[in-house]
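Structural overview for review
The residues making up each chain are set out below.
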Amino acid sequence: MSNGLSFILADDHPLILEGNAAFLSKNGFLIKGVATNGNDAFNQILKEQPDFAILDMDMPVLNGIEVARALKGKQFHIKIIILSLHKNEDILRNIGLCIDGYILKEDALSELLTCIDVLLSHKNYVSSTIKNASLYDPKNEEIKNLTVSEVKILRLIAKNMTSQEIADSLFLSKRTVEKHRSNVVKKLHLDSSPHALVLWVQKNIDSLL
C-alpha cells in the first residue's frame, strides 16, 4: 500500500509524534517532516507538498482544523487526517470539506493504516470508535445514498452559498455543481421547485454534520 507515499506529521506530544513516525516508516511510508505546532506544519506542507498530512487537533499556534482550512485554497492534492484525544463535533463537520479522515489517539495504530487505505480509494474515513459513539449519529438514512461530493455540496448549501460560490470553493465548474444538486434532488425524492433542496438542508442540517 505504501507505494512511496509521503507524509508530514504534526503533534505537540513528542512521544506520539515519534511513535507515529516510526510506525509509518516501518510500513514503508516516507516521512518528509515533523512539526510540533500548526504554523510549522503549515509551512512544511507548503514546502514539501506531501501526499498526506497527519495533524494533531490541539496543537499550539494553529490547531489541526485551522491548518487544514488554511491549506484548502492551495491547489495541490493532499489528504489530511486529524488526530484527536476527544470526540469533536467541529472535526466531524469538516469531514469532506477541508479534512479527509478523523481518528482518535486511543485507536490502535492499525486503524491509521485502514484510514490511509480508505482515503486512497477517494472516500472519507471516520474512526470506528467515533462511529460507535452517540456523537456520530446520522439521523437521516437517505444521507447514506449520497456521494462524498454531494454531501460536501449540501454542507455548503447549509452555509447559504450559491452554486457559483460552491464551484469556486471546490474548484469545480458551476455546471458540475448544478449536476450534483440535480442528482441529490432525485436521490432525496424532492420536487423540482427551486427552493426544495435548500428547505430540505435547513430541516436536516444535523444529519449533514
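Since we're looking at a predicted model, the values are computed, not measured.

Let's talk about the overall build of the chain
Helix and strand counts for the chain stand at eleven helices and six strands. For the chain, buried positions account for 46% of its 209 residues. Restricting to contacts in the chain with at least 6 residues of sequence separation, those with at least 24 account for 61%. If you sum the accessible surface of the chain, you get close to 10,800 Å²; carbon and sulfur atoms cover 50% of it. Where the 24 positive side-chain charges of the chain centre and where its 25 negative ones centre are 7 Å apart.

Concerning the nonpolar core
One broad rule of soluble globular proteins: the nonpolar side chains tend to lie buried together. Residues I45, L55, I80 and I99 are the most contacted members of the largest nonpolar core, which totals 27 residues. Elements that contribute at least two residues to this core include exactly strand 1 (6-10), helix 2 (38-48), strand 3 (52-56), helix 3 (64-72), strand 4 (79-84), helix 4 (89-93) and strand 5 (101-104). For this core, the leading source of residues is helix 3, giving four residues. The residues touching I45, leaving out its near neighbours within four places in the chain, are I8, P50, A53, L55, V67, L71, F76 and I78.

Topic: the pairing of strand 1
Put simply, side chains in a regular strand alternate between the two faces of the sheet. Most of strand 1 sits inside the fold, with five of its five residues counted as buried. Here strand 1 shows no split at all, with S6, I8 and A10 on one side and F7 and L9 on the other all buried. Each parallel crossover has a hand, and the one from strand 1 via helix 1 (residues 14-26) to strand 2 (residues 30-35) is right-handed. Looking at chain direction, strand 1 and strand 3 are connected through four bridges and run parallel. Note on strand 3: the bridge partner recorded for I8 is A53.

Description of the packing of aromatic side chains
Both the distance between ring centres and the angle between the ring planes are used here to describe each pair of aromatic rings. Taken as a whole, this structure holds two aromatic pairs when the rule is applied. With centroids separated by 5.1 Å and ring planes inclined at 70 degrees, the aromatic side chains of F7 and F29 adopt a geometry described as edge-to-face. Here the residue F7 occupies a position in strand 1, and F29 occupies one in the loop between helix 1 and strand 2, the gap between them amounting to 22 residues. Take F29: its relative accessible area is 5%, and that puts it in the buried class. Between F7 and F52 the ring centres are 4.9 Å apart and the planes differ by 10 degrees, which places this aromatic pair in the stacked class. You can see F7 sitting in strand 1 and its partner F52 sitting in strand 3, a full 45 residues away along the chain.

Details of the packing of helix 2 against helix 3
Look at helix 2 against helix 3: their axes get within 9 Å of each other, and the N-to-C directions meet at 30 degrees. As judged from the angle between their axes, helix 2 and helix 3 are roughly parallel. Handedness of the crossing formed by helix 2 with helix 3: right-handed. Of the residues in helix 3, those touching helix 2 at G38, F42, I45 and L46 are V67, A70 and L71. For the contact of helix 2 with helix 3, the residue count by class is six nonpolar, one polar and no charged.

Some thoughts on the pattern of salt bridges
One pass over the structure, following the stated rule, counts three salt bridges. For K105, the salt bridge goes to D56, with nearest N and O atoms at 3.1 Å. Note that K105 is positioned in the loop between strand 5 and helix 5 (109-120) and D56 in strand 3, a separation of 49 residues in sequence. Note on accessibility: K105 and D56 belong to one class, buried. Bridged by salt links that share partners, the residues D11, D56 and K105 form one connected network.

What counts as what
Position numbers for residues count from 1 along each chain, tracking the sequence in the order it is written. Given that the model is predicted, a residue must reach a pLDDT of at least 70 before its local features are reported, and side-chain atom pairs must reach 80 or more before they are shown or counted; all residues, however, enter totals for whole chains, interfaces and linings. For side-chain calculations, the full set of non-hydrogen atoms in the structure is used, while hydrogens and water are omitted. Secondary structure elements follow DSSP: runs of H or I no shorter than four residues count as helices, runs of E no shorter than two count as strands, and numbering proceeds from the N terminus. Think of it in three bands: residues with accessible area under 20% of the maximum for their type are buried, residues over 50% are exposed, and the middle band is partly exposed, with areas taken using a 1.4 Å probe on protein chains only. For this analysis, residues touch if any pair of their heavy atoms sits within 4.5 Å. Using the Shrake-Rupley algorithm and a 1.4 Å probe, accessible areas are obtained, with residue cover drawn only from the displayed protein chains. Under the counting rule used here, the positive set is Lys and Arg, the negative set is Asp and Glu, and His together with the chain ends is not counted. Note that the charge is assigned to NZ on lysines, CZ on arginines, CG on aspartates and CD on glutamates. Definition used in this section: a nonpolar core is a set of buried Ala, Val, Leu, Ile, Met, Phe, Trp, Tyr and Cys residues joined via side-chain atoms within 4.5 Å. Look down the strands so they point away from you; if going from the first strand over the helix to the second traces a clockwise path, that crossover is right-handed. Any two strands with at least two DSSP bridges between them are considered paired. Here a Phe, Tyr or Trp ring, Trp counted by its six-membered ring, pairs with any other such ring whose centre lies within 6.5 Å, and the pair is stacked when the planes are under 30 degrees apart, edge-to-face when over 60, and tilted otherwise. In this description, a line fitted to the C-alpha atoms serves as the axis of each element, helices being fitted only across the stretch in contact, and the angle between N-to-C directions of two axes falls anywhere from 0 to 180 degrees. Should an angle lie under 35 degrees it is considered roughly parallel, over 145 roughly antiparallel, and from 65 to 115 roughly perpendicular; all remaining angles are considered oblique. Should the near helix be turned anticlockwise from the far one by less than a right angle, the crossing is termed left-handed; should it be turned clockwise, right-handed. Under the convention adopted here, Pro, Cys and the residues Ala, Val, Leu, Ile, Met, Phe, Trp and Tyr are nonpolar, Asp, Glu, Lys and Arg are charged, and Gly plus all remaining residues are polar. We define a salt bridge as a contact between a side-chain nitrogen of Lys or Arg and a carboxyl oxygen of Asp or Glu at a distance within 4 Å.

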